[in-house]
Amino acid sequence: MLKNYFKTAFRNFKRNKSYAFINTLGLTVGISACLLLFLVIQFESSFDNFHPKKDNIYRVGTVFHNQDGISYSDGIAFPVANSLRIDYPQINEVASVFRNGGQVTIVSNNKHSKKFVENNFYYTEPAFFSIFNFEWLQGSAKTSLNNPNDAVLTKSTAEKYFGNWKDAVGKTFLYSNKTLYTVTGVLKDVPANTDFPLSIIVPFAALQNTYIKNNLNDWVSTFGDAYTFLVLPAGIPAQKFNADLEIFAKKHKPAEYAKDGYILQPLREIHFDDRFGNFNERTFSHSLITALSLIGIFLLVIACVNFINLATAQAVNRSKEVGVRKVLGSNRKQLAMQFLAETAIIVCFASFFAAIIAMGVLPFLNKLLEVRITMNFIENSSLIIFLSITAITVTLLSGIYPAIILSGFNPITALKSRITSEMIGGISLRRALVVLQFAIAHILIIGMILVVSQIKFFRSASLGFDKAAVINVPLPNDSVNLTKLDYIRDKLSSNPDVQYVSFSYASPSSENNWNSDFKFNHSGKTTDFSANLKWADTAYFKTFGLRFIAGHAYSPSDTVREFVVNETLLKKLGIRNPQEAIGKQINFWNGVKVANIVGVVRDFNVNSLHRPLAPVVMSTWKAVYQTINIKIKPGSEKAVLSFIEKLWTSTYPDFIYEYHFLDETIENFYKQEAQLSQLYQIFAGIAIFISCLGLYGLVSFMAVQRTKEVGIRKVLGASVRNIIYLLSKEFTILIIIAFIISAPIAYFFMHEWLKNFAYRIPISATIFILAILGSILIAWLTVAHRAINAALANPINSLRSE
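Predicted model, so just to flag it, every value in this text is computed and none were measured.

Undergrad: Just to check I follow, could you spell out the overall build of the protein for this structure?
TA: The helix and strand inventory of the protein stands at 24 helices and 23 strands. Split into buried and exposed, the 802 residues of the protein put 53% on the buried side. The contacts of the protein with a sequence gap of at least 6 include a subset with a gap of at least 24, amounting to 80%. Entry remark: accessible area of the protein is about 36500 Å², with carbon and sulfur atoms responsible for 57%.

Laid out in structure tokens, this is it:
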């Protein structure tokens, strides 16, 4: 029986090649897109699932209560971990982690032979390797990090530094041109699905030899790269321990900072909760996973709708076949199984081709999202399960209704060729399904247009400063080298293509931020908000085109003597007139840095446009400068970069020369949105392609079904334009109905998405007009070929068909 089903199915495909091709192509594209989305969702959902204690691992985050409400940070004060061990002895595993970055120099024959920039340098406490499960290739957690100058490398890092990872143990390297470390162990490379991008691990005790040593007992300062992890025993609920952490904070923090506390964040939420931040500086929210899941489902539904539409449209052509089979003894169940078998064959072929296409497209997807997703059906059994479930679901969704319709024909009516589309309810169903198809496509198109527009806005919006043609060069983190700043300034300024040179802690808009509260105008209380601190020389204002609205720039100095603030800071302090702020005192850290305000600048964005304007305090402080800001003449980039490199090599021969263009750094703030924008464009295009594929099939079928009608109309004087209008009018109306249904749905979801940004575009009517006009135009182009052929056909040929 099964053999007969398959034989009959292949005969039918051979007779209706275009029908089979369109259905197979539509399902192939839909399933391959769905498979790729599944791989992305599976990858993003699997982060750090390989740790045996994953369900009990938590990161201790910081909760800030300020003027603007509640905010969170993944960073923490350094003494927290040790105090947790003392106050809560029942928690056996607590570990502090500090992430840093700097230059690694490989020492060979007492000479500095190779230099590397390492951004994933971790200081960890011993419990780190009992909390987390990272595989050792050489050495062990018990023996490899006992001394402050011990270091453990991952396999790829060891190969990069020393060639063969097996020879790395016993070798030495110099970190930041200060500390000599000896390799005592090698870890297997961390998996791609982890938020711990480890490269080098050294003992936490090594921080005693760094600038951090003065903050190891500081309960006030929160370092963004300092983390505390713990394993919560099974008998202690996280909610109860969070209440204990409130008491813990009040016990240890100074009274004026006790309003800020600590909170547990489950390991399983670190990759998804963007309130805190992440090691990878990349989160993938649950709402994003939901959105991608819905897109995958939508694309499958569109592909299934194509199948149902074309199958019911073809039902009239197969009515005689059904009649003959029923007369010869076939029952309804057998006929239904035959039509389901035909569907299953098409779906199986489509699934096979979809898997091949997905494999071919996956490298492009990895490059686009900057991830390492693999597609291995042997190692990843979930792929086989997903593809099998998808194939069964698509078969049932696509095949059941056509099978029921076809198998239910009355044999006498069928043999008399009296089966029509109206009799099987096909017209109303096909109309509804076309509306569903294009409603889904419209939602994706509107979303795509809006996301692209928001990204375009990010790139073109004014940030309150001039970011064009500015080169940032990181300075060596060595106080001795700061004495060479005047020499560098003079040399750079002598180049006619260099307009301005400035030294600062960071550029105006940066991910490297320093925030602190302060006391204002001799007040005994600290502010209930933090200011963003911009330590920079006096050339900073001209370099970035910052404009004063009151007062003037501070005087040149190596230390803090005067302050400049921005408009937002005055608003936070309740000062309306900028002139009133001049002469007022700002006191940081109980008298450590005290000076008067001498100027007020217009607001500028210190963060990405995800966040609102921040209050800013600016002053000179040479000891903390980390960046050279070089404003150059447009078009002189190549010559100036070569000049800077030669100057750097002669001035800092022991340090690596690096540079970044500020506008490119700022654009990286929106990297994830840009990636998703491209993803949405691709899937919106796929949705339109599948919808139009089905539309083309339906128009082709209609053109054949209405051959006589077209011939009669032409004989009676209808023009080619009239015929094209006849065949395309209905679909145009259906597309407009689909748009009316989809527009409010798209508006709601995109309005919610835009709430993630402090600066956002308005959802204007233009976006919806572009979506509907684009859809109608694409649909017209799709049906044009078949409609024009039908309109140009000789009516004599069509009228003598019988």
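Moving on, there is more to tell.
Undergrad: Explain the packing of aromatic side chains here, please?
TA: Aromatic ring pairs are reported here in terms of the distance separating the ring centres and the angle at which the planes meet. Applying the stated criterion to the full structure yields 56 aromatic pairs. These aromatic residues form a ring-pair network of at least three members: Phe78, Phe98, Phe121, Tyr123, Phe173, Tyr175, Tyr181, Phe204 and Phe223. Of note, Arg275 hangs over the ring of Tyr72, and the distance from its end group to the ring centre comes to 4.5 Å.

Undergrad: Even after reading the chapter, I still don't get the sheet that holds strand S22 (residues 627-632), so can you show me in this structure?
TA: Within a sheet, adjacent strands bond to each other through the backbone by hydrogen bonds, running parallel or antiparallel. Reading across from one edge, S13-S22-S12-S23 is the order of the four strands in this open sheet, with antiparallel pairing throughout. Unpaired on one side and paired on the other, strand S13 (498-504) and strand S23 (660-661) mark the two borders of the sheet. When S13 meets S22, the two strands line up antiparallel, connected through six bridges. Looking at the pairing, Phe503 lines up with Ile628 of S22. Along the sheet, helix H14 (residues 485-493) contacts S13 and S22; its crossing angle with S13, the most-contacted strand, is approximately 165°. Seen against the sheet, helix H18 (residues 637-651) touches strand S12 (470-474), S13, S22 and S23 and runs at an angle of roughly 20° to S12.

Undergrad: Hey, could you run me through the side chain of Asp48 in this one?
TA: By secondary structure assignment, the location of Asp48 is in the loop between helix H2 (17-45) and strand S1 (57-66). We note that Asp48 is buried and unpaired, the nearest opposite charge coming from Arg59 at a distance of 9.0 Å. At 2.7 Å, the side chain of Asp48 and the side chain of Thr194 are in polar contact. Here the side chain of Asp48 touches Asp195 through a polar contact of 3.0 Å, landing on its backbone nitrogen.

Undergrad: Before we go on, may I ask you to explain the nonpolar core in this structure?
TA: As a rule of thumb, nonpolar side chains are buried together in soluble globular proteins. In this structure, Leu27, Leu292 and Met618 are the most contacted members of the largest nonpolar core, which totals 120 residues. Element by element, the count of residues in this core is highest for helix H13 (residues 426-460), at 16 residues. Beyond its immediate sequence surroundings of up to four residues, Met618 is in contact with Lys534, Tyr540, Phe541, Leu546, Tyr554, Glu562, Phe563, Val564 and Phe604. The next biggest cluster of nonpolar side chains, apart from the first, holds 48 residues, and it includes Ile586, Ile597, Ile632 and Tyr652.

Undergrad: Just to check I follow, could you spell out the environment of Gly583 for this structure?
TA: Relative to the assigned elements, Gly583 resides in the loop between helix H17 (578-581) and strand S19 (585-588). Overall, Gly583 belongs to the partly exposed group, its relative accessible area being 44%. Separated by twelve residues in the primary sequence, Gly583 and Ala595 place their C-alpha atoms 9.0 Å from one another. For Gly583, the residues in contact, after removing those within four places along its chain, are Asn596 and Ile597.

Undergrad: Help me understand helix H6 (residues 238-252), please; the structure alone is not making it clear to me.
TA: In an α-helix there are 3.6 residues to a turn, and that puts residues three or four apart on one side. With 15 residues, H6 should reach 21 Å at 1.5 Å per residue; the first-to-last C-alpha distance of 21 Å fits that figure. Buried within H6 are the following residues: Phe241, Asn242, Asp244, Leu245, Phe248 and Ala249. Along the long axis of H6, the arc covered by the buried residues comes to 160°, so they all point the same way. Structural note: H6 exposes Gln239, Ile247, Lys250 and Lys251 on the side pointing more than 90 degrees away from its buried face. Residues of H6 that are buried make contact with helix H3 (80-87), strand S10 (226-231) and strand S11 (261-266).

Undergrad: Any chance you could explain the pairing of S12 here in plain terms?
TA: For a regular strand, side-chain orientation follows a simple rule: the groups alternate between the two sheet faces. Extensive coverage of S12 is indicated by the burial of four of its five residues. Note: S12 against S22, five bridges, orientation antiparallel. Across the sheet, the residue bridging to Val470 is Lys631, located in S22. Relative to S23, S12 is paired through two bridges, and the arrangement is antiparallel.

Undergrad: Explain unusual backbone geometry to me, please; I cannot follow it from the model alone.
TA: A negative phi holds for most residues other than glycine; trans holds for most peptide bonds. Even without glycine at this site, Glu370 takes up a positive phi of about 55°. With respect to the secondary-structure elements, Glu370 resides in the loop between helix H10 (332-369) and helix H11 (381-407). Despite not being glycine, Ala469 shows a phi value in the positive range, around 55°. When you line up the elements, Ala469 lands in the loop between H13 and S12. Judged by its relative accessible area of 12%, Ala469 falls in the buried class.

Undergrad: How should I be thinking about the pattern of salt bridges in this particular structure?
TA: In a structure, side chains of opposite charge can pair up when their charged atoms sit close to one another. Across all of its chains, the model carries 14 salt bridges by this definition. Put simply, Lys671 and Glu370 hold a salt bridge, and the shortest N to O gap is 3.2 Å. Here Lys671, found in helix H20 (residues 671-705), pairs with Glu370, found in the loop between H10 and H11; they are 301 residues apart in sequence, far enough to count as distant. Judged by its relative accessible area of 34%, Lys671 falls in the partly exposed class. Here Glu752 and Lys755 are joined by a salt bridge, their closest N and O atoms 3.1 Å apart. Accessibility expressed as a relative area gives 48% for Lys755, which makes it partly exposed.

Undergrad: Please explain a nonpolar patch on the surface as it appears in this structure.
TA: Judged by side-chain polarity, Ile733, Ile737, Ile741, Ile745, Phe748 and Phe749 come together as a nonpolar surface patch covering roughly 540 Å² of accessible area. According to the relative accessible area criterion, Ile745 is partly exposed, its value standing at 35%.

Undergrad: What should I look at first to understand the pairing of strand S2 (residues 69-73) in this one?
TA: Alignment of S1 against S2, held across five bridges, turns out to be antiparallel. Counterpart to Asn66 in the pairing with S2 is Gly69. Following S1, the chain reverses through two residues before pairing antiparallel with S2.

Rules of the game
Residues numbered from 1 in each chain as written. Predicted model: local features only at pLDDT ≥ 70, side-chain atom pairs only at ≥ 80, totals over all residues. Heavy atoms only, no water. Helix = DSSP H or I, 4+ residues; strand = E, 2+ residues; numbered from the N terminus. Buried < 20%, exposed > 50% of the residue type's maximum accessible area, 1.4 Å probe, protein only. Contact = heavy atoms within 4.5 Å. Areas by Shrake-Rupley, 256 points an atom, 1.4 Å probe, with all protein chains shown as cover. Phe/Tyr/Trp six-rings, centres within 6.5 Å; stacked < 30°, edge-to-face > 60°. Lys NZ or Arg CZ within 6 Å of the ring centre and 35° of its normal. Pairing = 2+ DSSP bridges. Axes fitted to C-alpha atoms, helices over the stretch in contact; angles between N-to-C directions. Lys, Arg positive; Asp, Glu negative; His and termini not counted. Salt bridge = Lys/Arg side-chain N within 4 Å of Asp/Glu carboxyl O. Polar contact = N/O pair within 3.5 Å; in protein donor to acceptor, adjacent residues only side chain to side chain. Core = buried A, V, L, I, M, F, W, Y, C linked by side-chain atoms within 4.5 Å. Expected span 1.5 Å × (residues − 1). Arc of directions from axis to C-beta. Patch = residues over 30% accessible without salt bridge, like charges linked within 9 Å, V, L, I, M, F, W, Y side chains within 5 Å.

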